[in-house]
Structures are given as structure tokens and as C-alpha cells.
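A structural walkthrough
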Amino acid sequence: MLRAFRRAYQSLRLSGNIVAVDIDPLAPALRVADRPYLVPRFSTAEYIPALAHICERERVNLLFPLIDPEIPILARHREILEATGARLAVCSTEAIETITDKWRTAHFFREKQIPAPQSWLPEHLDSQKLTYPLFIKPRFGSAAQHTFKVTNAQELEFFSQYVPDPIIQEHLPGPEITNDVICDLQGEVLGVVSRRRIEVRWGEVAKGVTVYDPAITAACVKIARALPATGPITVQCMMKDGAPYFTEINARYGGGVPLGIAAGVDSPRWLLARAAGLPVEIPPLGAYRQGLYLTRFDDAFHLTEDDLAKIPGHSL
């Protein structure tokens with residue numbers, strides 16, 4: 001992701017720095033950033049002041065979140081962060097409440113006539129009318145944690161207790177399609193690229209391939225406009241009998257977005273150009289390379305204690 005933004009800076013002949021923050025000095029992306037910083041955990045009271053201080057110090061223009069749990073916090077503190085001169089690429093607080101609550105997301109899909117799986121909360125289930133398999137996940141979950149296929153009543157009883165604040169849905173056979181929906185900060189949809197997940201590791205795609213389905217693209221545009229979206233979002237759907245059923249929205253870049261960028265949906269370039277007031281050509285929806293595969297592998301940086309000590313803390 002950071003390398004894609006660096007290429008975008010170069011192609012637009014823009015000067016600027018990529019600033020990255022993390023709580024872990026061993027986070028690999030800090031080695032790629034121009035300006036790495038260590039910050040407090042997002043759940044602490046010190047996080048927003050630290051982030052605002054860094055934005056002011058580094059004259060940050062655009063701020064992108066990359067993990068789900070911090071997004072509601074950023075949205076609630078938009079005024080503080082944008083007072084530094086930065087623009088926050090995050091949806092409104094109201095939209096975030098719809099996105100982060102999977103039960104509300106299911107209602108949103110139904111209200112907007114977007115095809116979605118049948119969904120229940122545990123207290124709404126009629127055990128006599130259920131058809132297995134089912135799928136259970138946390139109502140406020142992230143990164144595919146605590147998600148399980150349920151094949152019978154005993155498993156349903158167990159996982160309903162095991163999964164925190166669960167939502168139950170009909171099980172969809174797949175494949176799973178992830179859609180990178182690129183919006184600018186005014187909510188205009190610039191592009192949509194669909195990626196079929198082939199292999200997932202720790203909730204993030206390890207192998208995938210670009211695909212195109214006009215029905216999926218049209219639904220993603222409808223979802224983005226209805227929220228309304230600000231900045232990039234990720235929309236998940238599962239296929240059943242050749243038709244998409246939409247399951248989740250993430251108000252951020254997806255982990256597999258480098259595949260979409262390689263296929264021609266060069267969102268870092270588009271978003272940087274829009275922010276800088278530069279003209280940029282946006283291709284028509286669906287005009288990206290289909291059948292382009294992604295396969296990932298581990299790489300490594302080797303650091304000394306001196307290297308770690310050079311990463312600025314938030315108090316600087």
C-alpha cells in the first residue's frame with residue numbers, strides 16, 4: 001500500500017512524505033514510510049492528541065485508517081484531526097455506525113434492496129424453522145475472527161455462547177468476492193474493482209484474482225452512494241447460484257487492494273491528484289484488467305536496537 005502511494009507521488013511529480021503510525025516498533029510498514037511514528041493504542045485517551053500532534057508536525061493532508069477498530073474513534077474526532085489541516089478519508093459517524101454493526105448492515109442492505117443473506121440475532125431464532133448449515137460471526141467483529149460454519153443445533157448452541165454478541169446468517173457457498181470501492185472525499189465513486197478470494201490467511205487475502213460482474217459493480221456503487229461513503233471502502237459479497245449476496249462493508253482500504261491497483265484501479269494516484277487539485281483521467285467503471293492473479297509471500301527486514309531507537313515516539 002505504502003509503495004503504491006510512493007509510486008503515485010512519483011507519477012504525479014508531487015513532493016511529499018508518507019507518514020505511518022503504529023504501536024509496534026517492529027511493524028514492517030514503518031520501514032517503508034518516510035516518517036514512522038510510534039503512538040499510543042487507539043483505545044487510550046492519548047491516541048487522538050498524539051495523532052493530531054503528528055498531523056500538525058508533518059503537515060499531513062490526507063489521513064487513511066487501515067484497521068477497523070479505530071475508525072469509529074477517528075470519525076468521532078474528525079473536528080480535532082481536521083483542525084490540523086488534514087482531511088480524514090473516513091465516512092460520517094452515522095455511516096460508520098451502520099458499517100461496524102453487522103446487524104445494522106443487514107438491515108441497511110434490506111432497506112436499499114441490496115441482496116443479502118437471511119440474518120438473525122439469537123433471540124429471534126426459531127429452531128424449528130432453521131435450515132443448516134448456518135454461519136455465525138460477531139456483530140461487531142473484524143478480520144474474520146470468531147467466524148464459524150454451523151452444521152447442527154448442538155454447534156449452534158455452543159457457538160452462540162462462544163462468539164461474542166453473535167449474529168447468525170444463512171450459509172452461502174461462495175466464492176467470496178471482495179470489492180474495492182474507491183470514492184473521493186466528496187463521495188464521488190471513482191472506481192470499483194472486484195477480487196475473488198482464493199486463499200485467506202489471518203483474515204487477509206493471500207491469493208486472489210480480479211473478476212468483473214456488472215451486477216456486483218452496480219450494487220457497490222448503490223451502496224457507496226446510499227451510505228454515503230467518504231474515501232475508499234471495501235464491500236464483501238458471497239456468490240450463491242451465480243448471484244451475489246452482500247454481507248459486510250469495511251470503511252477503509254482492504255488488505256488486498258494492491259491487486260486492484262495493479263489491475264488498473266490506481267486509487268492512490270487518483271486520490272492524491274484530487275487532493276492536490278491536479279487533473280487526472282479516471283477510466284470508466286469496469287475498465288480494469290480481469291484475470292490478474294495475486295499471490296503473496298513473506299519478506300523480512302532485519303533491524304538493530306539502534307534502528308528501533310530511531311523511530312520517533314508520539315511525545316516528540
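Residues numbered from 1 in each chain as written. Predicted model: local features only at pLDDT ≥ 70, side-chain atom pairs only at ≥ 80, totals over all residues. Heavy atoms only, no water.

Let's talk about the overall build of the protein chain
Helix and strand counts for the protein chain come out as 11 helices and 14 strands. The C-alpha radius of gyration of the protein chain comes to 20 Å, within 12% of the 20 Å expected for a compact globule of 316 residues. In terms of its C-alpha atoms, the protein chain occupies a principal-axis envelope of roughly 60 × 40 × 40 Å. Scored against the burial criterion, the 316 residues of the protein chain give a buried share of 46%. (Helix = DSSP H or I, 4+ residues; strand = E, 2+ residues; numbered from the N terminus. Rg over C-alpha atoms; globule rule 2.2 N^0.38 Å. Buried < 20%, exposed > 50% of the residue type's maximum accessible area, 1.4 Å probe, protein only.)

Quick notes on the confidence of the model for the protein chain
In the predicted model, the protein chain carries a mean pLDDT of 94, and the fraction of residues at 70 or more is 99%. Mean pLDDT across the elements of the protein chain ranges from a minimum in helix H11 (residues 305-309), with 91, to a maximum in helix H8 (residues 214-226), with 98. (pLDDT = per-residue confidence, 0-100.)

Comments concerning the sheet that holds strand S6 (residues 134-138)
Two modes of strand pairing occur in sheets, parallel and antiparallel, and in both the strands are linked by backbone hydrogen bonds. Strand order in the open sheet formed by 4 strands is S5-S8-S6-S7, with antiparallel pairing between adjacent strands. Each edge of the open sheet is held by one strand with a lone partner, namely strand S5 (119-120) and strand S7 (148-150). Two strands pair when backbone bridges link them, and S6 and strand S8 (residues 166-170) are joined in this way by 5 bridges, in the antiparallel orientation. Each residue of the ladder has a partner; that of Lys 137, found in S8, is Ile 167. Against the sheet, helix H7 (residues 153-162) makes contact with S6, S7 and S8, and its axis sits at roughly 150° relative to S7, the strand it touches most. (Pairing = 2+ DSSP bridges. Contact = heavy atoms within 4.5 Å. Axes fitted to C-alpha atoms, helices over the stretch in contact; angles between N-to-C directions.)

Considering unusual backbone geometry
Excluding glycine, most residues fall at negative phi; most peptide bonds, likewise, are trans. With omega at 15°, the peptide bond leading from Gly 174 into Pro 175 counts as cis. By the element assignment, Pro 175 lies in the loop between S8 and strand S9 (176-183). One non-glycine residue, His 146, lies in positive phi territory at about 60°. The class for His 146 is partly exposed, based on a relative accessible area of 33%. The phi angle at Asp 241 is positive, at roughly 55°, despite the residue not being glycine. Structurally, Asp 241 is set in the loop between strand S12 (233-240) and strand S13 (243-250).

Concerning the nonpolar core
If you look at the biggest cluster of nonpolar residues, it comprises 45 residues, and the most contacted ones within it are Val 181, Ile 223, Leu 227, Ile 233, Phe 246 and Ile 249. Setting aside its immediate chain neighbours within four residues, Val 181 contacts Val 189, Gly 191, Val 192, Cys 220, Ala 224, Gly 231, Pro 232, Ile 233 and Val 235. (Core = buried A, V, L, I, M, F, W, Y, C linked by side-chain atoms within 4.5 Å.)

A closer look at the environment of Pro 164
The residue Pro 164 is located in the loop between H7 and S8 in this model. We classify Pro 164 as partly exposed; its relative accessible area is 44%. Discounting chain neighbours no more than four positions away, the residues touching Pro 164 are Pro 138, Arg 139 and His 146.

Some words on the packing of aromatic side chains
A complete count under the given rule lists 11 aromatic pairs for this structure. Taking the centre distance of 5.9 Å and the plane angle of 65° together, the rings of Phe 148 and Tyr 162 count as edge-to-face. Of this pair, Phe 148 sits in strand S7 while Tyr 162 sits in helix H7, and the two are 14 residues apart along the sequence. Residue classification places Phe 148 among the partly exposed positions, given a relative accessible area of 25%. Both rings, one in Phe 158 and one in Phe 159, keep their centres 5.1 Å apart while their planes meet at 75°; by these two values the pair is edge-to-face. (Phe/Tyr/Trp six-rings, centres within 6.5 Å; stacked < 30°, edge-to-face > 60°.)

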